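Structure at a glance
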2 protein chains.
Amino acid sequence: MKAIVISVGDELLSGRTLNTNLKTISEFLQSFGIEVYRDYTVKDDVEEIKNAIKNAVKDADIVIVTGGLGITPDDVTRDAVAQAFDRRLIFKEDLYSEIEQKMQQCGVTITDHHKKYGFVPEGFGIIKNDKGLAPGYYLKQNGKLFIVLPGPPHELQNVLSNAAKLFESHGRVTTKTVKTFGLKESDIVERLKNVMDQLSPIGFYPIVPGMVDLKLTIRGDDEHKLTRELNKKLKILKSRIGEAIYGYDDDTLESVLGKVLRESHMTISTAESCTGGLVANLITDVPGSSDYFKGGVVSYWNEAKMCLLGVSDEILNYFGAVSEPTAVMMAEGVRKLLQTDVGIATTGIAGPTGGTLEKPVGLVYMAVSVRGKITVINKIFQGNRTFIKKQAAYTVLDLARRKIREYLDETDRCRIG
Amino acid sequence: MKAIVISVGDELLSGRTLNTNLKTISEFLQSFGIEVYRDYTVKDDVEEIKNAIKNAVKDADIVIVTGGLGITPDDVTRDAVAQAFDRRLIFKEDLYSEIEQKMQQCGVTITDHHKKYGFVPEGFGIIKNDKGLAPGYYLKQNGKLFIVLPGPPHELQNVLSNAAKLFESHGRVTTKTVKTFGLKESDIVERLKNVMDQLSPIGFYPIVPGMVDLKLTIRGDDEHKLTRELNKKLKILKSRIGEAIYGYDDDTLESVLGKVLRESHMTISTAESCTGGLVANLITDVPGSSDYFKGGVVSYWNEAKMCLLGVSDEILNYFGAVSEPTAVMMAEGVRKLLQTDVGIATTGIAGPTGGTLEKPVGLVYMAVSVRGKITVINKIFQGNRTFIKKQAAYTVLDLARRKIREYLDETDRCRIG
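Analysis parameters
Residues numbered from 1 in each chain as written. Chains lettered and ligands numbered in written order. Predicted model: local features only at pLDDT ≥ 70, side-chain atom pairs only at ≥ 80, totals over all residues. Buried ≥ 20, exposed ≤ 12 C-beta atoms within 10 Å, placed from the backbone. Helix = DSSP H or I, 4+ residues; strand = E, 2+ residues; numbered from the N terminus. Pairing = 2+ DSSP bridges. Least-squares fit on C-alpha atoms with pLDDT ≥ 70 in both. Contact = placed C-beta atoms within 7 Å. Axes fitted to C-alpha atoms, helices over the stretch in contact; angles between N-to-C directions. Domains from an automatic or database assignment. Nonpolar A, V, L, I, M, F, W, Y, C, P; charged D, E, K, R; others polar. Arc of directions from axis to C-beta.

**What about the pairing of strand S2 (residues 35–42) of chain A?**
Here S2(A) lies mainly inside the structure; seven of its eight residues are buried. Relative to S2(A), strand S1 (residues 2–8) of chain A runs parallel, the two sharing seven bridges. Bridged to Lys2(A) within S2(A) is Glu35(A). Sheet topology note: the S2(A)/strand S2 (residues 35–42) of chain B ladder contains five bridges and is antiparallel. Each residue of the ladder has a partner; that of Val42(A), found in S2(B), is Arg38(B).

What follows is the structure, encoded as structure tokens:
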């Protein structure tokens, strides 16, 4: 099945807005095994939209138009659709009274313009919009499916999911995203070289260097067969790159770290120099993180490292702020200061200035202390200031997760022994 | 002048990659007064690309194709272009030897496949690529301009800027982005209602609620006239929404705050509860921020608020962690702890849980202390956890900037008095 998307809106062509709706629609259709084959992005112009619709209907089984369903003068998609299919726009009393009610509840001052919401091309079905005023429309004709969706992303997502039943006859596809950290994309490709056939189709989505999402797609109708196929593929991945897999689908390094902490009833604190609060910010992006994250220190100046974290004058003078001993003392210092089980620390040179031959921009020391058991590593990251901060933050989150697991495994072993 | 863009790549249609190149090209062409009128996004398929080119050349003065110039089997744009214009692909010895040199310098293992880089459609000019291997091509024919650019964003930007001379005959346009905080988009529109004609064309770009960028565009050939026109428009904006304007073009709330601190030789520290490190992270995104940012505390648990910031037990018990007195004590506490001129603090409920009838999710108290002169405000922000964090962080950064300015103005007045 081939689908063509028509994205309507001057703002998409002027560079004001990135076309995220295309991504949303693609991923939605993929879950039904339908491929988006082409996209036309056109202006808010009746002729442009009409021509795009006519061309798309010729070439595709499914055509989805998005945007231009509002009530300002430049919202002309309704008219263009009606003209393209040679139909009148009909005012639907019951549809409009529902929309009117919504507007009253939200305190909208209703004018005659709002009536536009009640007009639908003759013979089109209506798709509910729970997140906004403009509903979607659809038409099934000659074995083809034609759908019109509102443009605001959260409304589009809602109306699209309300349209799911229109696609269900096309069979099901399961996708699973396998999230990895610690291997480069090229290393993963190398390791999977001679099992690629068994994994296909597999997508590689590098997020930052060392962080790659792998997307598996399995097609079929039988739930059992889907699960069996998926598990077979996951087993292959685990055997080849298992140590890099940190989670699946919506997992993030910070959510997975949170899960480990919660399960082990441990608390954590952060001491950040070059990441400047990003590590704490990521940790606290996870709902419920206040259960295990007690707090953190951003020790940008040396006096903060000394007076809050107890990094000694001698260490700072002899080894420097960007050094292994400083990172270790920061991690241990914050752990003791806030009385947590785990303390993590970063210190490095985010640039663009401050680098030397010996300690270049991008050099970051990262330390983790799990109840006093300390690990410290260093990396030289590439890129600009914010990109270096990001890579350092992810690396220390991943290190913390691994080291807590190791600690727990060891404790378990000792108990058994 | 009308331009059509053809974006080539399966990854754009599968939802893997957002089409940021379209935005780059649009903004580039706008600086020459050229409008992108339509975009075709097509698969890596010779027929698809060829058909899109043929349709585009009919309708537009300028056609830009991007993507598919690599050397893997799915890179077929070269062939499609040659076929669309009915030309052969010619191997350019001198072009290839230059590329070969680059590959050797980068340690690429050269194979026969790399020869593809040396092929150019007959009669096309070459546009240099300083950031990668695949050059761009162009053809001027029948008063129309046809350009082919590589797909990787940083290469596209480079080749596009190397193509600037091809557009210069089309006149110049100056744009200026005016950055505002503290007014809703609808408020700004209302205030500008009867001067809209004098400002036109003006674009409104809401970033988060209360943060709106305004883009002014001035067209013309004469540098003096451009400047005069621009200043006239800026004067109107300042008279209507002056208090909300915090900067221009690449300014951010955090960079502007940094500028004020640097100019006044003041230092700053942060005490964050609900924003969880985001405020410090934004401040430290600015290169050179280590000159004025000493450090910060993320006091997620009450014991961190007490032991690090000196928020008293009584205050926390009587008013609660999310309260005006707590915010004030946090700002003053961190200022004293790290001995800075300015201390800023946030405490609130980021959600999704933890809200009550009296203190709902989204309620945030924000405090600023400038050498002991304290301001505290509260807001109820809408949206999910990360969105609430973001709005609170921006609001406190804006508050800090305003309050430091006020403090400086008052000090000046006192001195004069």
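After that view, the rundown keeps rolling.
**A look at the relation of the copies chain A and chain B**
Superposition of chain A onto chain B requires a rotation of 180° combined with a translation of 0.3 Å along the rotation axis, giving an RMSD of 0.4 Å. Here the copies are linked by what is in effect a two-fold axis. A shared interface surface links the copies, since 100% of the contact residues of chain A are contact residues in chain B too.

**A word on the sheet that holds strand S8 (residues 144–149) of chain B**
Within a sheet, each strand pairs with its neighbour through backbone hydrogen bonds, oriented either parallel or antiparallel. Strand order in the open sheet formed by twelve strands is S6(A)-S7(A)-S8(A)-S3(A)-S1(A)-S2(A)-S2(B)-S1(B)-S3(B)-S8(B)-S7(B)-S6(B), and the pairing between neighbours is mixed. Taken across any chain shown, the strands that pair with only one partner, and hence form the sheet edges, are strand S6 (125–127) of chain A together with strand S6 (125–127) of chain B. Strand-to-strand twist across the sheet, computed as the mean angle between neighbouring axes with direction ignored, equals 20°. Along the sheet, helix H2 (residues 20–30) of chain B makes contact with strand S1 (2–8), S2 and strand S3 (62–66) of chain B, crossing S1(B) at roughly 160°.

**Re the domain arrangement of chain A**
Each assigned domain of chain A is listed here: domain 1 (2–170), domain 2 (172–248) and domain 3 (253–416). Of note, the centres of domain 1 of chain A and domain 3 of chain A, computed from C-alpha atoms alone, are 48 Å apart.

**Some thoughts on the interface of chain A and chain B**
A common way to state how big an interface is: give the accessible area lost once the parts meet. In this complex, chain A contributes 44 residues to the contact, which on the side of chain B involves 44 residues. Breaking the side of chain A that touches chain B down by element, the ones donating at least two residues are helix H2 (20–30), S2, strand S10 (202–208), helix H11 (278–283), strand S14 (293–299) and helix H15 (385–416) of chain A. Here the residues of the side of chain A that touches chain B sort into 18 nonpolar, 16 polar and ten charged. Bridge count for S14(A) against strand S14 (residues 293–299) of chain B is five bridges, and the pairing is antiparallel. Bridge pairing in S14(B) places Gly296(A) opposite Val298(B).

**Re helix H10 (residues 253–263) of chain B**
What H10(B) keeps buried is the set Leu253(B), Glu254(B), Leu257(B), Gly258(B) and Leu261(B). Each buried residue of H10(B) lies within a common arc of 135° when the element is viewed along its axis, so the set occupies one face.

**Description of the sheet that holds strand S15 (residues 342–348) of chain A**
Reading across the sheet, the ten strands line up as S17(A)-S16(A)-S15(A)-S13(A)-S14(A)-S14(B)-S13(B)-S15(B)-S16(B)-S17(B) and stay open at both edges, with mixed pairing between neighbours. Lying at the two open borders of the sheet, with one neighbouring strand each, are strand S17 (373–380) of chain A together with strand S17 (373–380) of chain B. Taken pair by pair, the neighbouring strands of this sheet meet at an average axis angle of 10°, ignoring direction. Summarising the sheet, strand S13 (residues 268–272) of chain A and S14(A) pair through five bridges and their orientation is parallel. Counted as the bridge partner of Glu272(A) is Val298(A) from S14(A). Docked against the sheet, helix H12 (residues 302–309) of chain B engages S14 of chain A together with strand S13 (268–272) and S14 of chain B, running at close to 140° with respect to S14(B).

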